[in-house]
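Secondary and tertiary structure notes
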Amino acid sequence: MSIRYHIGRFAKLVDRSVHTIRWYEAQGLIPAVGRDAGGRRVYEDDHVEHLLFLERMRRTGMSVAEMRRLTELSMQGWRTLEARKSLLLDHRADIEATIANLQSAVDDIDAKIAFYDEWDLNKRRPRK
């Protein structure tokens, strides 16, 4: 049996505001949210796991549209596993390209720091 949470507790579990949770839900990113007898939203452990995963994807640059598509596919069950995998593989490739670009920038920064170190050490501007 899954533990159930009202929105305030759910927001604390995922370290987001209630407003953010409602926005995610309005965007179709938190599927199948139930209601209790009083009409209050009720979230479960699967919602916690799903939202934390989406937050990690958001930090990697995944768009809301891509997150929505992934969520929609997940709601369709096992028949969409290949489509979900394809979406994630494409996103992974984007992340790897970003990492390569950032590593190139780090290499440039390191070269410039070494240039400045040499200049400081020899008290004259090094030749390139």
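Scroll up for the structure.
Residues numbered from 1 in each chain as written. Predicted model: local features only at pLDDT ≥ 70, side-chain atom pairs only at ≥ 80, totals over all residues. Heavy atoms only, no water.

**Considering the packing of helix α3 (residues 45–59) against helix α4 (residues 64–75)**
Note the threshold: All axes here are fitted lines through C-alpha atoms, helices being fitted over the stretch that makes contact, and every angle between N-to-C directions spans 0 to 180 degrees. To qualify as a helix, a DSSP run of H or I must reach at least 4 residues; to qualify as a strand, a run of E must reach at least 2; elements of each kind are numbered from the N terminus. Under this scheme an angle from 65 to 115 degrees is roughly perpendicular, one under 35 degrees roughly parallel, and one over 145 degrees roughly antiparallel; angles in between are oblique. Take the far helix as your reference; a near helix turned counterclockwise from it by less than a right angle gives a left-handed crossing, and one turned clockwise gives a right-handed crossing. Pairs of residues are marked as contacts when any of their non-hydrogen atoms sit within 4.5 Å. Throughout, the ten residues Ala, Val, Leu, Ile, Met, Phe, Trp, Tyr, Cys and Pro are labelled nonpolar, Asp, Glu, Lys and Arg are labelled charged, and all others, Gly among them, are labelled polar.
Closest axis-to-axis distance for the α3/α4 pair is 11 Å, and the angle between their directions is 150 degrees. Classified by the angle their axes make, α3 and α4 are roughly antiparallel. Crossing handedness for the pair α3 and α4: right-handed. Here H50, F53, L54 and R58 of α3 lie close against α4, whose contacting residues are M67, L70, T71 and S74. Partitioned by chemical class, the residues of the contact of α3 with α4 number four nonpolar, three polar and one charged.

**Quick look at the sheet that holds strand β1 (residues 4–5)**
Strand pairing in a sheet relies on backbone hydrogen bonds, with the paired strands running either antiparallel or parallel. Put simply, the rule is: For two strands to be treated as a pair, DSSP must find at least two bridges joining them.
Read from one edge to the other, the open sheet built from three strands follows the order β1-β3-β2, with strand pairing classed as antiparallel. Both outer strands of the open sheet, β1 and β2 (34–35), are each paired with one neighbouring strand and no more. The pairing of β2 with strand β3 (residues 41–44) spans two bridges and is classified as antiparallel. Each bridged residue has a counterpart across the sheet, and for R35 the counterpart in β3 is R41. Of the strands in this sheet, β1 and β3 touch α3, which is tilted by about 75 degrees from β3.

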